[in-house]
Amino acid sequence: MNFKVDAHTHTIASGHGYSSIEEMTIAAKKKNFEIIVIADHASSIPGAPNDIYFRNLHLVSRKINDVRVLAGVEANIIDYKGNIDINEKVSKKLDYVIASFHDICIKPSSVAEHTEAVINALKNPYIDVIGHPGNPRFQIDIEKFVLACKEYEKPVEMNNHSFKARPGSENNCLEILKLCKKHEVEIVCSSDAHFSADVGNFNKLIEMINDVDIDSNLLLCFSKNSMENYLSKRNKRIKKYQYNSI
């Protein structure tokens, strides 16, 4: 499978990443990727940048080394109401917003609370995906989550880094993929790379996608056009929200 989009990567700005934006695009170009999401951690993670970094991402070229760069953030879910540590003023300046649980930012709780938090986060028009939703430390009701993604027209992130960084994720990710297939919910694939050599590393994900026999039409990262179609729908969603908020 030849993917063209990596929907979740980090740079040195995250505080524990080890490559620059330029280096990440060079790596993406070498692997024939056409779009990369730069989603550095938001400020609740130690060493991560504050809001001004994200407000100023408009200064970064949206095409570097022939790779389209989406300016994003991996925001932190900071309570079980689904609030995140990036406000709307910052979110509206970005191309892509990931919302994730990290136990350094919020203490794991119950399946019910985890599920309520991610569903409430999905209701936020600026949030695009829940990061690494297969993490068993923050176990969710998987079917409720997948159906909420369908309802709010948000893709499901499948995170290749989880199999190394979040032990026990494999079974949850497999179940998520099966339910995405059943309910025809779109999927974005991510390396969650913190170093340029890992850009586009979907090795384990590809095995699982093949095992479940996911139709490529559900894989937004399989083509540049598929991802751009989602971004177009995203823009319409946000414009509608902003109009209704006036």
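Details of the structure are given in the entry above.
Rules behind the numbers
- Residues numbered from 1 in each chain as written.
- Predicted model: local features only at pLDDT ≥ 70, side-chain atom pairs only at ≥ 80, totals over all residues.
- Heavy atoms only, no water.
- Helix = DSSP H or I, 4+ residues; strand = E, 2+ residues; numbered from the N terminus.
- Rg over C-alpha atoms; globule rule 2.2 N^0.38 Å.
- Buried < 20%, exposed > 50% of the residue type's maximum accessible area, 1.4 Å probe, protein only.
- Areas by Shrake-Rupley, 256 points an atom, 1.4 Å probe, with all protein chains shown as cover.
- Lys, Arg positive; Asp, Glu negative; His and termini not counted.
- Charge placed at Lys NZ, Arg CZ, Asp CG, Glu CD.
- Axes fitted to C-alpha atoms, helices over the stretch in contact; angles between N-to-C directions.
- Parallel < 35°, antiparallel > 145°, perpendicular 65-115°, else oblique.
- Contact = heavy atoms within 4.5 Å.
- Nonpolar A, V, L, I, M, F, W, Y, C, P; charged D, E, K, R; others polar.
- Core = buried A, V, L, I, M, F, W, Y, C linked by side-chain atoms within 4.5 Å.
- Polar contact = N/O pair within 3.5 Å; in protein donor to acceptor, adjacent residues only side chain to side chain.
- Arc of directions from axis to C-beta.
- Salt bridge = Lys/Arg side-chain N within 4 Å of Asp/Glu carboxyl O.
- Pairing = 2+ DSSP bridges.

(A) Structural context of the overall build of the chain. Within the chain, the regular secondary structure consists of nine helices and eight strands. By the compact-globule yardstick of 18 Å for 246 residues, the chain fits well, its C-alpha radius of gyration being 16 Å. Overall, the C-alpha framework of the chain stretches about 40 × 40 × 35 Å when taken along its three principal axes. Sorting the 246 residues of the chain into buried and exposed places 52% on the buried side. Split by element, the accessible area of the chain, about 11,100 Å² in all, is 47% carbon and sulfur. Here the chain contributes 31 positively and 32 negatively charged side chains, and the mean placements of these two sets differ by 5 Å.

(B) The arrangement of the packing of helix α4 (residues 111-123) against helix α5 (residues 142-151) in detail. In contact at an axis separation of 10 Å, α4 and α5 are set at 5° when each is read in the N-to-C sense. Taken together, the axis directions place α4 and α5 in an arrangement best described as roughly parallel. Within the contact between the two elements, α4 uses Thr115, Val118, Ile119 and Leu122 and α5 uses Lys144, Phe145, Ala148 and Cys149. Looking at the contact of α4 with α5 residue by residue, the classes come out as six nonpolar, one polar and one charged.

(C) A look at the nonpolar core. Within the largest apolar cluster, 76 residues are counted, with the highest numbers of intra-cluster contacts made by Tyr96, Phe145 and Met227. At six residues, the largest contribution of residues to this core is made by strand β4 (residues 67-76). Aside from chain neighbours lying at most four places away, what touches tyrosine 96 is Ala7, Val37, Ala71, Gly72, Val73, Asp128, Val129, Val188, Met227, Tyr230 and Arg234.

(D) Representation of the side chain of asparagine 159 within the structure. On the secondary structure map, asparagine 159 appears in strand β7 (residues 156-159). Polar contacts involving the side chain of asparagine 159 include one to the side chain of aspartate 192, which spans 3.1 Å. When near neighbours in sequence (up to four residues on either side) are disregarded, asparagine 159 contacts His8, His132, Arg166, Ser190, Asp192 and Leu205.

(E) Here's a closer look at helix α8 (residues 203-212). For α8, every residue scored as buried is listed here: Leu205, Met208, Ile209 and Val212. Angular distribution of buried residues about the axis of α8 spans 100°; they occupy a single face of the element. What points out from α8, more than 90 degrees from its buried face, is the exposed set Asn203 and Asp211. In this structure, the buried side of α8 is in contact with β7, α6 (162-165), α7 (169-183) and β8 (187-190).

(F) Examining the environment of lysine 178 more closely. Looking at the secondary structure, you find lysine 178 in helix α7. For the pair lysine 178 and valine 212, spaced 34 residues apart in sequence, the C-alpha separation works out to 6.4 Å.

(G) Summary view of unusual backbone geometry. Phi is positive for aspartate 66, which is not a glycine, with a value near 65°. Inspection of the secondary structure puts aspartate 66 in the loop between β3 (63-64) and β4. Residue aspartate 66 is classed as exposed on the basis of its relative accessible area, which comes to 53%. Its identity is not glycine, yet aspartate 192 carries a phi of approximately 55°, on the positive side. Here aspartate 192 shows up in the loop between β8 and α8.

(H) Region of interest: the pattern of salt bridges. Counted by the stated rule, this structure contains eleven salt bridges. In this structure, arginine 234 engages aspartate 128 in a salt bridge whose closest nitrogen and oxygen atoms are separated by 2.7 Å. Here arginine 234 is found in helix α9 (residues 224-245), whereas its partner aspartate 128 is found in the loop between α4 and β6 (129-130), with 106 residues between them in sequence. Under the relative-accessibility criterion, arginine 234 is labelled buried at 3%. A salt bridge links arginine 237 to aspartate 128; its shortest N-O distance comes to 3.3 Å. Of this pair, arginine 237 sits in helix α9 while aspartate 128 sits in the loop between α4 and β6, placing them 109 residues apart in sequence. Given a relative accessible area of 18%, arginine 237 falls into the buried group. On the accessibility criterion, aspartate 128 (0% relative accessible area) is buried.

(I) The pairing of strand β1 (residues 5-9), seen in detail. β1 sits mainly inside the fold: five of its five residues count as buried. Sheet analysis places β1 next to strand β2 (residues 35-41), joined by three bridges and oriented parallel. Pairing of valine 5 across the sheet is with isoleucine 35, part of β2.

(J) Highlighting the environment of glutamate 228. With respect to the element layout, glutamate 228 can be found in helix α9. The exposure class assigned to glutamate 228 is partly exposed, which follows from its relative accessible area of 25%. Note: C-alpha distance between glutamate 228 and isoleucine 35 (193 residues apart in sequence) is 9.4 Å.

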